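Read off the chains here:
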Amino acid sequence: PRIWHRQPWTIVSKCGCWLSFIIFFILWWSALITPKQVNIEEITIESSRLPKEFDGYRIIQFSDLHVGTFNNTDIVDGIVEEINALNPDLIVFTGDIVNRQSAELTPYISSLRQLKAKDGIVSILGNHDYGDYYKWNSTFSKQANMSMLKSIQCDSLNWTLLLNETKSIKRGNHAIKVIGVENWGEHPFPQYGNLNASYPDLNDNHFKILLSHNPNHWDAVVTKDSNIDLTLSGHTHAMQIMFSLGKYKFSPSALRYKYWQGLHTKGEQSLYVNIGCGEVAIPMRLGATPELTLITLKCKQ
């Protein structure tokens, strides 16, 4: 009004005040409330390669905890409680358990030790887990940080950490294979993952589940070089901003990742992208509620 030498627009001023209040409320809700709300997504994967002994097998996937962002154990305690209540056969964690340093994980060991599944917990590393986002005084310090993270997961938590390796899960005389690659990085992330080193024959007749942090790995390599039945990824967080209208979902993450959330299929191969439980950079989640994925395997007749 002063610039244009006019009277103030009362209606505009009132709308501006209300809009400011609404935005303020949404931002605080996203910072204080949404991170504590856990959304359980349920999917079913059918395959003719799945042994009948595994019909109805239940897997819980969680991802991207980024515990360095949390101020206390409340959120992690809640996630553990939700997972255990689902009574899974197997729990898988698909990377990024810390932000920058392995020491961030120490306060949460007692909470994460409470996770329970009949066939244990299998984990992989994400791009944040290698200490590449921290300026170390020496190569030795960075290596010690990596050794600490591996020790916590394998010894303190009793998880099976797969570093370009495979775990067999048996029922009677039959088995399914859980393959875990290290982080399949794109620029500027280093390339640690090696799918060919992880499993001897990527096109054999076993039912195979791949844990790979970056969902771009599926489209670029997995569907071209293997017959892996199910790939589980994380990494995108849906950029911690997601808008939903019925089945339609939108996130700025869609501008960066072709597959940024949910279930995708190509022929007999499937990819599921979990949007994670934690936060990085900005300690808030706008609509992108922390996610646990309950996956039920079914034999296809």
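Going by the structure above, here's the rest.
Because the structure is predicted, anything quoted here is derived from the model rather than measured.

Caption draft 1: Looking closely at the sheet that holds strand 5 (residues 160-161). Reading across the sheet, the six strands line up as 1-14-2-3-4-5 and stay open at both edges, with mixed pairing between neighbours. Edge positions in the sheet fall to strand 1 (39-47) and strand 5, since each has one partner strand and no second. Its contacts with the sheet put helix 2 (residues 74-85) on strand 1, strand 2 (58-62), strand 3 (90-93) and strand 14 (291-299), and the angle it makes with strand 14 is roughly 20°.

Caption draft 2: Quick look at a negative patch on the surface. Together, Asp 74, Asp 77, Glu 81 and Glu 82 make up a negatively charged patch on the protein surface. Tracing the backbone through its elements, the reader meets Asp 74 in helix 2. Of the residues examined, Asp 74 reaches a relative accessible area of 49% and is grouped as partly exposed.

Caption draft 3: Representation of the sheet that holds strand 12 (residues 262-266) in the model. If you trace the six strands from one edge of the open sheet to the other, you get 6-7-8-9-13-12, paired in mixed fashion. Two strands bound the open sheet, and with one partner strand each, they are strand 6 (165-171) and strand 12. Taken pair by pair, the neighbouring strands of this sheet meet at an average axis angle of 20°, ignoring direction. Sheet analysis places strand 6 next to strand 7 (residues 174-180), joined by seven bridges and oriented antiparallel. Directly across from Arg 171, in strand 7, lies its bridge partner His 174.

Criteria and thresholds
Residues numbered from 1 in each chain as written. Predicted model: local features only at pLDDT ≥ 70, side-chain atom pairs only at ≥ 80, totals over all residues. Heavy atoms only, no water. Pairing = 2+ DSSP bridges. Helix = DSSP H or I, 4+ residues; strand = E, 2+ residues; numbered from the N terminus. Contact = heavy atoms within 4.5 Å. Axes fitted to C-alpha atoms, helices over the stretch in contact; angles between N-to-C directions. Patch = residues over 30% accessible without salt bridge, like charges linked within 9 Å, V, L, I, M, F, W, Y side chains within 5 Å. Areas by Shrake-Rupley, 256 points an atom, 1.4 Å probe, with all protein chains shown as cover. Salt bridge = Lys/Arg side-chain N within 4 Å of Asp/Glu carboxyl O. Lys, Arg positive; Asp, Glu negative; His and termini not counted. Charge placed at Lys NZ, Arg CZ, Asp CG, Glu CD. Buried < 20%, exposed > 50% of the residue type's maximum accessible area, 1.4 Å probe, protein only.

Coordinates in, geometry out; function isn't part of it.
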